[in-house]
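Fold and geometry: a report
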Amino acid sequence: MKGKLIKVEFDLEFKKKRNFHLTTPCCHKSNKDGKFVNYKCLNDNYGYCHSCGKSTLPRPIYKDENDIEYQWDELNNCFDEIVLQTYYSNTLKSSDNEVGHCNAPVEMDVKESKYIEKELVLRYNKVKPENNLLYYIRKTYGNTKAELVKNMYNLGTSKDGGTIFWNINKDSKVQKAKISYYKKDGKRTNYFKVPYKNEVGYFSCLFGEHLINIPKNKNKSIILVESEKTAIVSALHLPEFVWLAYGGINGLTNDKLKPLIGLKVILVPDISENAVAIMNSKLPYLLELGIDAKIWDMTNDKNDEQLKNEGWFNCDLEDVFRFI
Ligand SMILES: [Zn+2]
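The structure contained in this document is the topic of the report that follows. (Residues numbered from 1 in each chain as written. Predicted model: local features only at pLDDT ≥ 70, side-chain atom pairs only at ≥ 80, totals over all residues. Heavy atoms only, no water.)

Details of the packing of aromatic side chains
Aromatic rings considered in pairs are described by the distance between their centres and by the relative angle of their planes. Going by this rule: Only rings of Phe, Tyr and Trp enter the pairing, Trp through its six-membered ring, and a pair is recorded when the two centres are within 6.5 Å. The plane angle decides the type: under 30 degrees is stacked, over 60 is edge-to-face, the rest tilted. Only runs of H or I of at least four residues qualify as helices and only runs of E of at least two qualify as strands under DSSP, and these elements are numbered from the N terminus. Only protein chains enter the accessibility calculation, which uses a 1.4 Å probe; a residue is then buried when its area is under 20% of its type maximum, exposed when over 50%, and partly exposed in between.
Applying the stated criterion across every chain yields a total of 9 aromatic pairs. Ring centres of F165 and Y182 lie 6.3 Å apart, and the angle between their planes is 90°; this geometry places the pair in the edge-to-face category. You can see F165 sitting in strand β9 (residues 163-168) and its partner Y182 sitting in strand β10 (residues 174-182), a full 17 residues away along the chain. Of the two residues examined, F165 and Y182, each falls in the buried class. Here the aromatic residues Y153, F165, Y182 and F207 are joined through ring pairs into a cluster of three or more.

Some words on the coordination of the zinc ion
Rule in force here: Because no water is among the atoms considered, metal sites can look incomplete, with donors defined as N, O and S atoms within 2.8 Å of the metal, or 3.2 Å for Na, K and Ca. When four donors show all angles between 85 and 135 degrees the site is tetrahedral, when four or six donors have opposite pairs over 155 degrees and all other angles between 65 and 115 it is square planar or octahedral respectively, and in every other case it is irregular.
Listed as protein donors to the zinc ion are C26 (SG), C27 (SG), C49 (SG) and C52 (SG); their distances from the metal cover 2.3 to 2.4 Å. Taken together, the 4 donor atoms surrounding the zinc ion define angles of 98 to 119° at the centre, an arrangement classified as tetrahedral. We note that the donor set of the zinc ion lies within a single chain, spaced as C-C-x21-C-x2-C. Residue C49 is classed as buried on the basis of its relative accessible area, which comes to 0%. Residue C52 is classed as partly exposed on the basis of its relative accessible area of 35%.

Examining helix α2 (residues 118-125)
We apply this condition: By definition, the arc is the one covered by directions from the helix axis to the C-beta atoms. Contacts were defined at the residue level, with two residues in contact if any of their heavy atoms lie within 4.5 Å.
Listing the buried residues of α2 in full gives L120, V121, Y124 and N125. The arc that holds the buried residues of α2, viewed along the axis, is 140°, so those residues lie on one side. α2 presents E119, L122 and R123 as exposed residues on the side facing more than 90 degrees away from its buried surface. Looking at the buried residues of α2, the elements they touch are α4 (143-152), β8 (156-157), β9 and β10.

In structure tokens:
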């Protein structure tokens, strides 16, 4: 990401026709009374609700000087580069003739997928000193367990000390890499790199997708979490599950979900009303795709205020493990 980011504005106009069949994303009511009004061009999960007064909008897009688009990732506190085609296909209405009147770009070049050589994965596996996340895992969980997850997820170290999370798919092909930077205490910084770009044909897949096809994992349930680190640490604590990460809430895209079709999947959002609400709004979509998905809501129906008072707000599974 370079220089200043500029917000991209959408032209929003209300649709005349209501969708009476939906459940409002804001206050979770049936829209039989038509209080939820949709926008032209956007999917029906976006709109304005006359019942609770909330607007549900896609998160704003920002552009840098090279026209690369980003979204603010609230949960990870950083800007995330947008996977264009999936963002737009999840957000914009496509089977709608109204789409012609919209300003938003819908035409995309579909690039052929490219893969990263496996030798690179092996080479970055051996870089010393290891990255801070592995340092933290070794110190906290011991060398045996650290080696286990290092090998399981092929964790690498970049030349500048970052943690390389390779996106390896079910066919053991390496699709993409995300480099995150951690402190020695295992906490993530806001700095990250995505060296292989979508524009060139490197598309992300779920972190850990390669684990689905391993024979000993065949009968295990899959648990899908947000951050790569949560997946890794949870795999240490509960190896009876297969732990995958989607890397930020807008990373839960169609293409990434496809390998999960027909499988049992438990989704674990972080502990906040927002994280759970976003996941709940995605659930029908997953079920429709044919994924046997359930949400494990760790908020226990408490609101953010109560969670803050109790110290659980925005916690993830590792914080929960530390407590039990
Ligand atoms: Zn509402």
